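A look at the structure
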Amino acid sequence: MTVTGSETDPGAPIDRRILILDTSIRILYPSILVLALYFVFSGHNRPGGGFVGGLVVGAGLALRYVSGGAAAVRATFRIPPHVILGTGLFLSASTALVPLLLGGAILEHGDVEVDLPIFGAVKITSALSFDLGVDFVVIGLILMAFAAFGEDLVDSPDASDDGSDDPAPSGVSTRQRRGPVSR
Amino acid sequence: MFALLALHVVVGIGIVAGGRALGRRAFLVAAAAPLATVIWVATKASEVLDGRPVTESFVWIEQLGISIDLRLDAFALVMVALVSGIGLLICVYSLGYFSHDQPGLARLAGVLTLFAGAMLGVVLSDHLIALFVFWELTSITSFLLIGNGDTSARARAAAVQAIFITATGGLVMFAGLIIIGQAGGTYRISELLLDPPTGTTVNAGLVLVLVGAFTKSAQAPFSSWLPAAMVAPTPVSAYLHSATMVKAGVYLVARLAPMFAVAGAWRPLVLVVGATTMLVGGLRALRQHDLKLLLAYGTVSQLGFMMLLFGVGDYHIAEAGIVLILAHGAFKAALFMVVGIVDHETGTRDVRELHGFGSATGWRVVEVVAVVSAASMAGLPPLFGFIAKEKAIDGYLEHGDFAGGTAALVVIVLASILTFAYSARFVLGVLGHLGEPDREVVSVDAHAPSALFAGPAVVLAIATVLFGLAPVLVDGLIGGATTALYPGSDPAPVEPFAGFNTALLLSAVIIGCGVVLTVLRRPVADVQARTSAGLAVIPSSEQGFLAVLRGISVAAARVTATVQNGSLPIYLAIIVLTVTLVPFAAFASDLDDLPQFIEQPAHVALVAIMVAAGLGACIVRHRIAAALMLGAVGYAMAGLYVAQGAPDLALTQFSIETLSTVLFVLVLRFLPRSWRHRAPAIATPLRIVVAGAVGVAVFVFALSSSAARSDVDEPSMSEVMIESSLPKGKGANVVNVILVDFRGWDTMGEITVLLVAAVGAVSLARPGRRRDEPDAPVFEEILDAGDEPKLPEALR
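Predicted model only: the values in this text are computed from it and were never measured.

Before going further, it helps to examine the overall build of chain A. Within chain A, the secondary structure is distributed over four helices and two strands. Across chain A, helices and strands are ordered from the amino to the carboxyl terminus as α-α-α-β-β-α. Of all 183 residues assigned to chain A, the portion counted as buried reaches 42%. A separation of at least 24 residues holds for 61% of the contacts in chain A among residues at least 6 apart in sequence. For chain A, the exposed area adds up to about 9,400 Å²; of that, 67% sits on carbon and sulfur atoms.

What follows is the structure, given as C-alpha cells:
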C-alpha cells in the first residue's frame, strides 16, 4: 500500500497540483486508515463497525482521487477491486457458515480472550471477521466505482457555462480534462 | 420402489454427466434401470395380483401433509410393465438406430432414463401432489428429448410447443388436484376411492384435472404438439409419444373415473372430447404421406378411444380400456420401430418414395412385423388389438346405457373404420404400393437392418400374436387391474373369441367398410381434400396454438406500450405517489396526538439547514451544486442523530453522505453542467404538487410509526435487543451486534446486493470499452466439421 500521494500520478501536469492539498493528504491519509481500522476493531463495543470502516477508507480514497486522479486510486491497492470485493463476501459468508460445520446454528459467533502485550486483555469474537468481510466489500465497491466513473474525461462533450444541453461542436469547446478539479 | 426411482435418477444423471465417452453404449448402461424394474416387478407380481398392493412412503413436507406415497397395485403393474418393458426394448432398439456415435447421444440416453423414472413415479404415486410433481417431470424430460437436436429450429419449436401446452395443462390440473384433495380431506388416491368428495367445487376441480389430462394425452383441441413432437428421434417417439407419456392423461382419467365419472360435467366432457379426438385423429392420419406422422395422428385417435373407454366409469368398459392400453403399447411401439428402421435404412419416411425393399431376409421380417402390428391396430382377429376392440364394442353395447353412450358407440365404429383404413395405408406404404413412379427409387437396394435393430420390434409383434391367441396369459393381470380400479367389480375373463354376437357383427362391418375405403382410396382422398378445403374455416389445433401465442405476444406488446411509456418523470411520479398515498389513509387515521416537535434548541438550527439546503437543491441550476446541497441535507440529518444520542447512525450517515456526494460529482462530470428546462409549463406546478404530497405523506408516516407502539403492552423489540446485546451478542454496541449477529443474515444479503451493484455499475459505465470478440463459431459449422468440434484458433 503506497502512502504517498502525488508521485503516483507522474503524468499530471505540475501546474494542476495543489501543494497544500498534496501535502496534507500525505499526513491525513495514514491517519484516516488508522481511524478506519479503529472503527472496524472497536465496532462491536463502541460506535463503528465494518460498514463505517469501509466508508472511512472510501473517504480517504476520495481525497487521494482529488489530488492525483484515478491513477492515484488505482495505485493505492495493488489487489484488483473485484478481488477485494469477492474476498469480502467470501469472508463474511464463510464466517456465517463455519458454525454450521461445527454443529452450531448459522451465524452463531464464538469468542476468545487473549492477552496481548500492549493492549492487555482483548476479547476477539468471530463477529470481527464477519465485519471485516463487510469492510472489504465496501472498500471494493468504492474502488470499483472510482475505476468505473473516475477515468479522466477524454473528448467527451463538455458543457459550456451557458447551460445548454446540446453537445458542443467537437473541436471547438471540447477540452481534455484530467480529474474532476477544474480551474 | 424408491430404490428403483433412485436408480433411474443415478443412472440418468450419471450418463448425462459422464456419458460423452460412452457414446452409443450409453443405451446399454441406460437399459440397467428398466431391466431392474422389470425383474423387481416380476417378483412382486403374484402378490400384487392377489390384491395385496406394495406400498412405500416418504414424508416430504410434513407441515403441508405432503408425502410421496408409492403404491403398486395391479393397474399400476400394467403401466409399469408398459413403461419398463417397452423402455428396455427401446434401449436395445436405440443401439441399432444410432449406429454411429453422434453428439448429444449420451444426453439423449440419460434424459430418456430420467424420463422413465419420472413416468414410473406418475404411475406409482398414490398421492396427488407427488403424482403432479412426477407428471411435470415427464413434461420437462419430454421437452428435453424433443429438443435434443438443439441445432434444428424445428426441433426447438416443437419442444417449446409441447412444453407450453402440457405445462399449462399441468398447472390447470394442479389447481384441480388441490381442490379435490382439500375437499376430500386426503390426497391419497386409494383413500379418495373409498370416500370420494362431492359438490360444485369438486366438479369445477374435476374439469380442471380433465384439462390437464387432455393436454397430456393430446386430446382435441390440444393435440397439435404430438404430431409436431415427431421431429424427435424415433426411439423417443416410440417410447414417449406413443407407448408411455401420452398415456399419463389416460391413466389419470382411469384412476379418477371410478370416483367421479357420474359427477358434474365429467362424463359429457370426456365423451365429447374423446369422440372428437378419435374421429379427427383418424381422418388426419388417413391423409399423411409421412409414415411417422400417420402413426402420430393414429396415436391421437387411439388416445381418444382410450378416453372413451376409461372415462365413462363403468368397469366393463374400463376393462376393455386396459386391454387396449396393453395392445396399443405393443403394436404402436412396434410400428414406430418399423418406421425408424425404414427411415434409417432408406433415408425417407414418405410413402411416395418407398418402392418395396430388397430380397434380404431382414426386410421380410420387418414387413411381417409391420403387417402383424398394423393388423392388430386395425382390429383383425386373432390379434391382441382385435380382442381390445371386441371388448370395447361389447362393453358399450351391454353397458352403454348412459346419456351419449350410443353416440359414443357409433363414433367408435366409425373411427375404427378409419383406423382400419389408415392401418392399411401404413402397410401399403411400407410395402411400397403407394410409391410414385416418378420418385427416385431408394428403398429397393437399401441395406437390411441388423438383428439387434429389428429384434425389439419382433419381440413386440410376437407379444401381439401370442396375447391375441392366448389372452389367458394376461387374463389375471387385466382382471386384477380392473378390480384395482373398481374395487368389488367382477371382470369378465378375456377370451380370444367371445362367440357370435352383435360386437362380432360390428367388427365385420368395420372390416368390410375399411376394405372398401382402402380399395377406393384415391376417390376418398379426393373427397377428403375437397371437404378439408371447405372445412378450413374451422381452425386446426396447430392454428389455435399459434393464435394463442400471437395473442399473448400482441397483448404483452400493448400492455408494455401502455405501462412503460418511457418517461422517467412519469415513472417516478407513479412510484412515489403509489408508495406514499396508498397507505396514507391508514396512517392518517392512526394519528391521535402529536408529539413534542422541538426538544432541543439544536433541532431548530439543524432543521433550518435541512429545509434551506433542500429548497436550494430544487432551485439551483447547476447539477453539482444541487448534489452538494443534497449532501448538506444529509449532514444536517446526521447532526439530528447526534442530537438524539445515536452516534453510530450519525457516523454512518456522515460517511455515506461524504461518499455519495463524491460519487455524484464523479458521475455528474459526464453530464452537462446545468439543466435546461424543456418541460411544458404545466410540469412545474405538477411536480410541486407531487413533491408536496410525498412530503406530507412521509411526515404522517413518520409520526404514526413512531407512535405505533404506544398502545401495545409487549416490550418492544428494541428493548429486547438492547438487553440481550451484551449477554448474547458479546458486544456493548447494540447497533453493531444487530448488524453482525441478531440480523446478520440481513447484512449478508445486503453485502451481496452491494457486490451485484458494483459489478452492475462497472458494466454500465464501460459498455463501449469491451474488446472485440472473434465471431463465435456457428453451430452448424461445428457439426459439419465432424465429431470433434473445431474451434477458431483464438478460442483454443
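This part covers the nonpolar core. Note on soluble globular proteins: their nonpolar side chains tend to be buried together. Residue and element names in this part refer to chain B. Ranked by internal contacts, the top residues of the largest apolar core, which has 189 residues, are W266, F310, Y396 and F426. For this core, the element with the most residues is helix α14 (residues 315-346), which contributes 20 residues. Sequence-distant contacts of F426, that is, excluding residues within four places in its chain, are made with L291, L294, L295, L335, V339, A370 and A374.

Before going further, it helps to spend a moment on the packing of aromatic side chains. Tallied over the full model, the rule gives 18 aromatic pairs over all chains. Taken together, a centroid distance of 4.2 Å and an interplanar angle of 15° make the contact between B:F132 and B:F174 stacked. With a gap of 42 residues between them, B:F132 in helix α5 (residues 128-146) and B:F174 in helix α6 (residues 153-184) connect regions that are remote in the sequence. The exposure class assigned to B:F174 is partly exposed, which follows from its relative accessible area of 28%. Their ring planes at 55° and their centres at 5.4 Å tell us that B:F384 and B:F467 sit as a pair that is tilted. Remark: B:F467 occurs in helix α18 (residues 451-469) and B:F384 occurs in helix α16 (residues 384-399); sequence separation between them is 83 residues. For B:F467, a relative accessible area of 23% translates into the label partly exposed. Within the aromatic cluster, the residues linked to one another by ring pairs are B:F27, B:Y93, B:Y97, B:F98 and B:F453. Between the NZ or CZ atom of A:R64 and the centre of the ring of A:Y29, over which it lies, the distance is 4.8 Å.

Moving on, we get to the packing of helix α4 (residues 127-149) of chain A against helix α31 (residues 744-765) of chain B. Each packed pair of helices is defined by two parameters, the angle between the axes and the distance between the axes. Interhelical geometry of α4(A) versus α31(B) gives an angle of 15° and a closest axis separation of 9 Å. Relative to α31(B), α4(A) is oriented roughly parallel. Between α4(A) and α31(B) lies a crossing of left-handed hand. In this structure, α4(A) contributes A:F130, A:V134, A:V137, A:V138, A:L141, A:M144, A:A148 and A:F149 to the contact, and α31(B) contributes B:G744, B:T747, B:M748, B:I751, B:L754, B:A758, B:V759, B:A761, B:V762 and B:A765.

On to a nonpolar patch on the surface, then. A grouping of B:L594, B:F597, B:I598, B:V604 and B:F699 is seen on the molecular surface, where their side chains present a nonpolar patch of about 520 Å² in accessible area. On the secondary structure map, B:F597 appears in the loop between α24 (584-590) and α25 (601-619).

Before going further, it helps to examine the pairing of strand β2 (residues 66-72) of chain B. Residues and elements named next belong to chain B. With six of seven residues buried, β2 lies mostly within the body of the structure. In this structure, strand β1 (residues 54-61) lies alongside β2, joined through seven bridges in antiparallel fashion. Considered in β2, the bridge of V54 is made with L72.

All names here are of chain B. Two numbers describe how helix α8 (residues 200-216) lies on helix α11 (residues 247-260): the axes approach to 8 Å, and their chain directions differ by 155°. When the axis of α8 is compared with that of α11, the two are roughly antiparallel. Handedness of the crossing formed by α8 with α11: left-handed. Along the contact surface, α8 presents V202, L206, V209, L210, A213 and K216, while α11 presents A248, G249, L252, V253, L256 and F260.

What follows covers helix α15 (residues 361-378) of chain B. Residue and element names in this part refer to chain B. Taking 1.5 Å per residue as the helical rise, α15 with its 18 residues ought to reach 26 Å, and the 26 Å between its terminal C-alpha atoms agrees with that figure. For α15, the buried fraction is high: 13 of the 18 residues fall into the buried class. Trailing α15 by a residue or two, G379 shows a phi angle of about 90°, which is positive.

It is worth spelling out the side chain of B:E319 at this point. By secondary structure assignment, the location of B:E319 is in helix α14. Excluding residues within four positions of it along the chain, B:E319 makes contact with B:K391, B:I478, B:T482, B:P491, B:A492 and B:V494.

Residue and element names in this part refer to chain B. All told, the structure shown has 13 salt bridges over all chains when counted by the stated rule. The partner of D73 in a salt bridge is R255, and the shortest N-O contact between them spans 2.9 Å. Of this pair, D73 sits in the loop between β2 and α3 (74-97) while R255 sits in helix α11, and the two are 182 residues apart along the sequence. The exposure class of R255 is buried, given its relative accessible area of 9%.

To continue, consider the interface of chain A and chain B. Residue-level contacts link 55 residues of chain A with 46 residues of chain B. Each partner contributes to the roughly 4,400 Å² buried at the junction of chain A and chain B, and carbon and sulfur atoms together form 68% of this total. If you look at where chain A meets chain B, you find zero salt bridges. Across the chain A-chain B interface, the total number found is five residue pairs in polar contact (both at pLDDT 80 or more). Put simply, the parts of the chain that give the side of chain A that touches chain B at least two residues each are α2 (50-76), α3 (81-101), β2 (120-125) and α4 of chain A. At 14 residues, α4(A) tops the list of elements feeding residues into the side of chain A that touches chain B. Per-class residue counts for the side of chain A that touches chain B are 30 nonpolar, 15 polar and ten charged.

Next up on the list: unusual backbone geometry. Residue and element names in this part refer to chain B. Here A220 and P221 are connected by a cis peptide whose omega angle stands at 5°. Position of P221 relative to the elements: it lies in the loop between α8 and α9 (225-228). In this structure, P382 follows P381 across a cis peptide bond, with omega equal to 5°. Mapped onto the elements of the fold, P382 is located in the loop between α15 and α16. The phi dihedral of A218 falls on the positive side, at around 55°, and the residue is not glycine. Relative to the helices and strands, A218 is located in the loop between α8 and α9.

How each quantity is defined
- Residues numbered from 1 in each chain as written.
- Chains lettered and ligands numbered in written order.
- Predicted model: local features only at pLDDT ≥ 70, side-chain atom pairs only at ≥ 80, totals over all residues.
- Heavy atoms only, no water.
- Helix = DSSP H or I, 4+ residues; strand = E, 2+ residues; numbered from the N terminus.
- Buried < 20%, exposed > 50% of the residue type's maximum accessible area, 1.4 Å probe, protein only.
- Contact = heavy atoms within 4.5 Å.
- Areas by Shrake-Rupley, 256 points an atom, 1.4 Å probe, with all protein chains shown as cover.
- Core = buried A, V, L, I, M, F, W, Y, C linked by side-chain atoms within 4.5 Å.
- Phe/Tyr/Trp six-rings, centres within 6.5 Å; stacked < 30°, edge-to-face > 60°.
- Lys NZ or Arg CZ within 6 Å of the ring centre and 35° of its normal.
- Axes fitted to C-alpha atoms, helices over the stretch in contact; angles between N-to-C directions.
- Parallel < 35°, antiparallel > 145°, perpendicular 65-115°, else oblique.
- Left-handed = near helix turned anticlockwise from the far one by under 90°.
- Patch = residues over 30% accessible without salt bridge, like charges linked within 9 Å, V, L, I, M, F, W, Y side chains within 5 Å.
- Salt bridge = Lys/Arg side-chain N within 4 Å of Asp/Glu carboxyl O.
- Pairing = 2+ DSSP bridges.
- Expected span 1.5 Å × (residues − 1).
- Buried area = accessible area lost by both parts, 1.4 Å probe.
- Polar contact = N/O pair within 3.5 Å; in protein donor to acceptor, adjacent residues only side chain to side chain.
- Nonpolar A, V, L, I, M, F, W, Y, C, P; charged D, E, K, R; others polar.

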